[in-house]
Amino acid sequence: MNEVVVFTDNTVSQSPTWCRDTVLMSFRKEPKAWRRVLVAAQNARLALRSVPPGAPVVFGNTYPLSATLASIMLKRRRSPSFIVRLDPMMPKPNLRRRLWSRIVFGSVDILIVLSPSVAERYARYYRVPREKIRPLGFHHTLAGFDFDITEGDYVFAGGDSMRDYSTLIQAVEGSNIPVVIATRLPKPSTLPTNVTYGPVCPDEFRKLMAGARFIVLPLDLTQFRTSGQQTYLNAMALGKLIIVTDTEDAAFYIQHMDTGILTPTKDVTQLREAILWAWNHPDKCREIGRRARDVALPMDQEWTYTNLLKLVHSEYIAWRHNYGLI
């Protein structure tokens, strides 16, 4: 079988299987404005030179234009490649995006997404054939880091992508529950006295997570994209109760009131009720955290990339069989 070629800028050093059994390559960073198209075309030519005819290739989601152009060029060869694409995180569709999605997904054989609900959204709104889409669990990123897990007298929230701190701040206002929000997003003009808000370094971010009583992840799912998997899997792997304002995508990873708490996005009342319940029931929080840790701790980078490689191999064999190449 041809070796899998992977284009990614993410470190996978914590997955021995991925580093040993694939050919890892990276694209040049796509700049902004018109030069982005030029660099993407250069990246596509790199893929054309680097991927053997008929070989399987996996494209990450960091440089979507480069991956799209490369996929088109690799499919136009006499011996086309088997293309696996990680979720490009398409936003809420409009006419232009639907037209562009036909190009993005037209040359993809398998699309990897982070939950079944994402698969259903793409199939419904972008008309991606459901048989092309494979949900695959994400991973935590705690392996290789050394820090103490304690139980402090505060609630932690952090991150930037699709975060909805306005809802969280409204939910804890007047509660006297100390909340630490670690983010690079702009600071609100007014904050309750019980909320601390601002950026921290990665090491401090992990320490704040490890020292919190429990963790809240307020997400804005009205933007269509999925987000937050790494953060709530890290929280779960630490043995912390996690409250996530996502009853759709997060349900693939978290069982409500068993390994975490899920509330609807943008719902201040339900989020406030969940936070107050968790703050007033520390023993229940610990029980949920222990069950969450049992679920999430095995889901490290090696687990994810090994499962992804197995999926690529099996789908590649089926693809070759369908095309009469076996």
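Just above, that's the structure.
The structure contained in this document is the topic of the report that follows. (Residues numbered from 1 in each chain as written. Predicted model: local features only at pLDDT ≥ 70, side-chain atom pairs only at ≥ 80, totals over all residues. Heavy atoms only, no water.)

**Topic: the sheet that holds strand β1 (residues 4-7)**
- A sheet is described by the order of its strands in space; here 6 strands give the open sequence β2-β1-β3-β4-β5-β6, paired in parallel fashion. Edge positions in the sheet fall to β2 (22-25) and β6 (133-135), since each has one partner strand and no second. Averaged over all pairs of adjacent strands, the angle between their axes in this sheet comes to 20°, without regard to strand direction.
- One ladder, built from 4 bridges, connects β1 with β2; its direction is parallel. When the bridges of β2 are listed, Val 6 appears paired with Leu 24.
- Its contacts with the sheet place helix α5 (residues 116-125) against β5 (110-113) and β6, and it is angled at close to 160° to β6. (Pairing = 2+ DSSP bridges. Helix = DSSP H or I, 4+ residues; strand = E, 2+ residues; numbered from the N terminus. Axes fitted to C-alpha atoms, helices over the stretch in contact; angles between N-to-C directions. Contact = heavy atoms within 4.5 Å.)

**Describing the pairing of strand β7 (residues 155-158)**
- Neither face of β7 is exposed, since Val 155 and Ala 157 on one face and Phe 156 and Gly 158 on the opposite face are all buried.
- The pairing of β7 with strand β8 (residues 179-182) spans 4 bridges and is parallel. By the bridge assignment for β8, Phe 156 is matched with Val 180.
- The β-α-β motif built from β7, the intervening helix α6 (residues 165-172) and the parallel element β8 has right-handed crossover chirality.
- Summarising the sheet, β7 and strand β10 (residues 214-217) pair through 2 bridges and their orientation is parallel. Across the sheet, Phe 156 pairs through a bridge with Ile 215, a residue of β10. (Buried < 20%, exposed > 50% of the residue type's maximum accessible area, 1.4 Å probe, protein only. Right-handed = clockwise from strand over helix to strand, strands pointing away.)

**Focus: empty space enclosed by the protein**
- Considering all chains together, one arrives at 2 cavities of 30 Å³ or more under this definition.
- In this structure, the largest cavity spans a volume of roughly 90 Å³.
- As for the largest cavity, its lining consists of 12 residues, and the residues nearest its centre are Phe 7, Thr 8, Phe 27, Gly 60 and Tyr 63.
- Across the lining of the largest cavity, the residue classes break down as 5 nonpolar, 6 polar and 1 charged.
- In this model, the second largest cavity occupies a volume close to 50 Å³.
- What lines the second largest cavity is Asp 87, Met 89, Met 90, Val 118, Arg 121, Tyr 122, Phe 224, Arg 225 and Thr 226.
- When the residues that make up the lining of the second largest cavity are grouped by side-chain class, the tally is 5 nonpolar, 1 polar and 3 charged. (1 Å grid on protein atoms, 1.4 Å probe; cavity = no way out; pocket = protein on both sides within 12 Å on 5 of 7 lines; lining within 4 Å. Points joined across faces, edges and corners; volume = space filled by probe spheres on them. Nonpolar A, V, L, I, M, F, W, Y, C, P; charged D, E, K, R; others polar.)

**Some points on the packing of aromatic side chains**
- Going through the model one piece at a time under the given rule, you end up with 17 aromatic pairs.
- Judged by centre distance (6.4 Å) and plane angle (70°), the ring pair of Phe 214 and Trp 279 falls under edge-to-face. Linking Phe 214 in strand β10 with Trp 279 in helix α9 (residues 268-280), this pair joins segments that are 65 residues apart in sequence. One exposure class covers both Phe 214 and Trp 279, and it is buried.
- Cluster of aromatic residues (ring-pair linked, three or more members): Phe 105, Tyr 122, Tyr 125, Tyr 126 and Phe 224.
- Here Arg 121 stacks its cationic end above the ring of Phe 224, 5.5 Å away from the centre of that ring.
- Between Arg 213 and the ring centre of Trp 279, over which it is positioned, the NZ or CZ distance is 3.7 Å. (Phe/Tyr/Trp six-rings, centres within 6.5 Å; stacked < 30°, edge-to-face > 60°. Lys NZ or Arg CZ within 6 Å of the ring centre and 35° of its normal.)

**Topic: the packing of helix α3 (residues 64-75) against helix α4 (residues 95-106)**
- In contact at an axis separation of 8 Å, α3 and α4 are set at 55° when each is read in the N-to-C sense. By the angle class used here, α3 and α4 are oblique. The residues of α4 that touch α3, namely those facing Leu 65, Thr 68 and Ile 72, are Trp 100, Ile 103 and Val 104.
- Per-class residue counts for the contact of α3 with α4 are 5 nonpolar, 1 polar and no charged. (Parallel < 35°, antiparallel > 145°, perpendicular 65-115°, else oblique.)

**A look at the environment of Ala 250**
- Of note, Ala 250 is situated in the loop between β11 (242-244) and β12 (261-262).
- Excluding its chain neighbours within four sequence positions, the residues that come into contact with Ala 250 are Tyr 232, Val 244 and Leu 262.

**Digging into helix α8 (residues 229-237)**
- Counting buried positions along α8 gives 8 out of 9 residues, so the element sits mostly inside the fold.
- Buried residues along α8 sit in contact with β7, α7 (202-211), β10, β11 and α10 (282-296).
- After α8 finishes, the residue Gly 239 shows a positive phi value of roughly 80°.

**Things to note about the sheet that holds β7**
- What the 6 strands build is an open sheet, ordered β9-β8-β7-β10-β11-β12; its pairing is parallel. For this open sheet the edge positions go to β9 (195-198) and β12, each flanked by a neighbour on one side alone.
- Its contacts with the sheet put α6 on β7, β8, β9 and β10, and the angle it makes with β8 is roughly 170°.
- Strand contacts of α9: β7, β10, β11 and β12, with the helix running at about 170° to β10, the strand carrying the most contacts.

**Digging into the nonpolar core**
- Counting 30 residues, the largest nonpolar core has Phe 156, Tyr 232, Ile 242, Val 244 and Ile 254 as its most contacted members.
- Contributions of two or more residues to this core are made by β8, α7, β10, α8, β11 and α10.
- Here Tyr 232 is in contact with Leu 217, Ser 227, Ile 242, Val 244, Asp 249, Ala 250, Tyr 253 and Ile 254, once residues within four sequence places are set aside.
- The next biggest cluster of nonpolar side chains, apart from the first, holds 27 residues, and it includes Val 51, Val 57, Tyr 63 and Val 108. (Core = buried A, V, L, I, M, F, W, Y, C linked by side-chain atoms within 4.5 Å.)

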